[in-house]
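# Examining the three-dimensional arrangement
Each chain, written out:
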Amino acid sequence: MGETRLSAACTVQVLLFASLRDRAGWSSRPFTLSAHTLCTPQAIWQLLDLGAWPSGVRVAVNQSFVAADHPLNDGDELAFLPPFTGG
C-alpha cells in the first residue's frame, strides 16, 4: 500500500474511461488538490463528485496500476478504469 501523506498543492491530469467518462461527461481534465489535502486517487475521486467508489474500478498512475491510496505527485497522470467485460 502507498504511504498516505499531506503535500503541497498537487495537480494531476485525470482521465476517465468508458462508463465513468459517460457518467462525468468528460474524459480528461487537470485537477488540483490544495496544499494540506491528501493527494491520492481515492481523495480525488471523492472530490470529483461521481458518487461512491465503484466496485471493481481500477486506478493507474502514469500507466501503471496502483492502489486507491497510492500517493500522487504533481504532474502525474491519473486514470480511472471501470471493470471491463470481455467477449
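Our structure's up above, just so we're on the same page.
Now for a quick tour of the structure. As the structure is a prediction and not an experimental result, all values here were calculated from the model.

What follows deals with the overall build of the chain. Check the secondary structure of the chain and you find 2 helices and 5 strands. Burial statistics for the chain: of 87 residues in total, 37% are counted as buried. Long-range contacts, defined here as pairs at least 24 residues apart, represent 60% of the contacts in the chain between residues at least 6 apart. Here the chain displays about 5,100 Å² of accessible surface, and carbon together with sulfur accounts for 51% of that area.

The subject of this paragraph is the sheet that holds strand β1 (residues 10–16). Ordered by their spatial adjacency, 5 strands build an open sheet running β2-β1-β5-β3-β4, and the pairing between neighbours is mixed. The open sheet terminates on both sides in strands that have one partner only, identified here as β2 (28–33) and β4 (64–66). On average, each strand axis in the sheet is tilted by 35° relative to the strand beside it, whichever way the strands run. Pairing analysis gives 6 bridges linking β1 to β2, with the strands arranged antiparallel. Along β2, the bridge assignment pairs Leu15 with Ser28.

Basis of the calculations
Residues numbered from 1 in each chain as written. Predicted model: local features only at pLDDT ≥ 70, side-chain atom pairs only at ≥ 80, totals over all residues. Heavy atoms only, no water. Helix = DSSP H or I, 4+ residues; strand = E, 2+ residues; numbered from the N terminus. Buried < 20%, exposed > 50% of the residue type's maximum accessible area, 1.4 Å probe, protein only. Contact = heavy atoms within 4.5 Å. Areas by Shrake-Rupley, 256 points an atom, 1.4 Å probe, with all protein chains shown as cover. Pairing = 2+ DSSP bridges. Axes fitted to C-alpha atoms, helices over the stretch in contact; angles between N-to-C directions.

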